[in-house]
Amino acid sequence: AQSVAQPEDQVNVAEGNPLTVKCTYSVSGNPYLFWYVQYPNRGLQFLLKYITGDNLVKGSYGFEAEFNKSQTSFHLKKPSALVSDSALYFCAVRDPPDKLIFGTGTRLQVFP
Amino acid sequence: DAGVIQSPRHEVTEMGQEVTLRCKPISGHDYLFWYRQTMMRGLELLIYFNNNVPIDDSGMPEDRFSAKMPNASFSTLKIQPSEPRDSAVYFCASSLEGALIYEQYFGPGTRLTVT
C-alpha cells in the first residue's frame, strides 16, 4: 500500500533561516510525490510535484523539494523562511489510478 | 475563475438532523473529490467522481453518508442522521484529467459542528 510519513508535528525556524520539512514514502512502483500547503481557515493548495526527472523540484513561493530514492524521502525546503510561510504542510503520494494519500501534516512556524 | 465554491462555510446542527454540504467545482474540471479533515484522523478521502460518475466511495464512513453529482457544476454531500462524531471540516476539491489529476484545487471547506 502507498503511504507517506511526516515525522515532525511541528517545525520552528527563525525568519531568514533555511527550512526543511521532512517526508518519507513507501510505494510499490514509481513514486509520484506532492507537497500541499494549508493556510489557516483555507483549503489545501498545491505547491509542487515529483513524477520523474531532476531530483530537485521547484515549486510555488520559492519552495523546492529534493527526491532521494535511496532514502525514500521527499523533503520540502526553502533557502530563506518568511513569517508568511507559517502554515500546515502536507506531503502526499499517488495511489493509482486517481487518488492521493496525504500525510498527517507538519505545522511550520516561522518566528520574526 | 472563482475557484472551488463550497456552502455553507459553517454549519451547526443538532444530532439527528440532516446536513447537506454543497460544492461547485472549477468549470472544465473532470474530477471532484470530497475530503474530511479532523485532528484525530487527518485528511481522509470520502468519495470521488469522474465526469459526474462516482468512482470510489470506499472512504464513506457509513450509510448515513451519501454524495451525488447531478451535473458537472454541482455536487452534494449529505449526512442523515448526523452525529457528534461527524464534526469536522469537509473539503471539496476538483482537478483535470491526465497527469494534472493530482494537482487538486481545494475549496475553503465547510466547518460542521454537530451538538
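Before reading on, note that the structure itself is shown above.
Summary of the structure given here. (Residues numbered from 1 in each chain as written. Chains lettered and ligands numbered in written order. Predicted model: local features only at pLDDT ≥ 70, side-chain atom pairs only at ≥ 80, totals over all residues. Heavy atoms only, no water.)

**With respect to the overall build of chain A**
A tally of regular secondary structure across chain A gives 0 helices and 12 strands. For chain A, the succession of helices and strands along the chain, N to C, is β-β-β-β-β-β-β-β-β-β-β-β. For chain A, the spread of C-alpha atoms along the principal axes amounts to about 40 × 30 × 20 Å. Considering only residue pairs separated by 6 or more positions, chain A has 54% of its internal contacts joining residues 24 or more positions apart. Accessible surface computed for chain A: about 5400 Å², of which carbon and sulfur atoms make up 49%. Averaging the locations of the 10 positively and 9 negatively charged side chains of chain A gives two centres separated by 3 Å. (Helix = DSSP H or I, 4+ residues; strand = E, 2+ residues; numbered from the N terminus. Contact = heavy atoms within 4.5 Å. Areas by Shrake-Rupley, 256 points an atom, 1.4 Å probe, with all protein chains shown as cover. Lys, Arg positive; Asp, Glu negative; His and termini not counted. Charge placed at Lys NZ, Arg CZ, Asp CG, Glu CD.)

**Overview of the pairing of strand S6 (residues 44-50) of chain A**
All names here are of chain A. With respect to burial, S6 is a largely interior element, 5 of its 7 residues being buried. As defined by bridge partners, strand S5 (residues 33-38) adjoins S6 across 6 bridges and the pair is classed as antiparallel. Residue pairing in the sheet places Leu33 in a bridge with Tyr50 of S6. Between S5 and S6, which pair antiparallel and follow one another directly, the connecting turn spans 5 residues, one of which, Asn41, has a positive phi of 60°. (Buried < 20%, exposed > 50% of the residue type's maximum accessible area, 1.4 Å probe, protein only. Pairing = 2+ DSSP bridges.)

**Looking at the state of the cysteines**
With the rule as written, the count across this model stands at 2 disulfides over all chains. Linked covalently through their sulfurs, A:Cys23 and A:Cys91 form a disulfide whose S-S length is 2.0 Å. Around the S-S axis, the bridge from A:Cys23 to A:Cys91 shows a dihedral of about -60° and counts as left-handed. Of this pair, A:Cys23 sits in the loop between strand S3 (19-21) and strand S4 (24-26) while A:Cys91 sits in strand S10 (residues 87-95); the two residues are 68 residues apart in sequence, bridging distant segments of the chain. The exposure classification of A:Cys23 matches that of A:Cys91, with both residues buried. A sulfur-sulfur distance of 1.8 Å marks the disulfide that ties B:Cys23 to B:Cys92. The disulfide joining B:Cys23 to B:Cys92 has a torsion of about -65° about its S-S bond and is therefore left-handed. Of the two residues, B:Cys23 is situated in strand S3 (residues 19-24) and B:Cys92 in strand S9 (residues 88-95); the sequence distance between them amounts to 69 residues. Grouping residues by exposure puts B:Cys23 and B:Cys92 together as buried. (Disulfide = S-S within 2.5 Å.)

**Regarding the sheet that holds strand S7 (residues 65-71) of chain B**
Residue and element names in this part refer to chain B. Read across the open sheet, the 4 strands follow the order S1-S3-S8-S7; overall the sheet is antiparallel. Where the open sheet ends on each side, the last strands, each with one partner, are strand S1 (5-7) and S7. On average, each strand axis in the sheet is tilted by 15° relative to the strand beside it, whichever way the strands run. Of the strand pairs in this sheet, S7 and strand S8 (residues 74-79) are connected by 5 bridges, and their pairing is antiparallel. Within S8, the residue paired with Ala67 across the bridge is Leu77. (Axes fitted to C-alpha atoms, helices over the stretch in contact; angles between N-to-C directions.)

**Side note on the pairing of strand S11 (residues 99-102) of chain A**
All names here are of chain A. Note that S10 and S11 share 4 bridges and pair antiparallel. The residue of S11 that forms the bridge with Asp95 is Lys99. From the end of S10 to the start of S11, which pair antiparallel, there are 3 residues.

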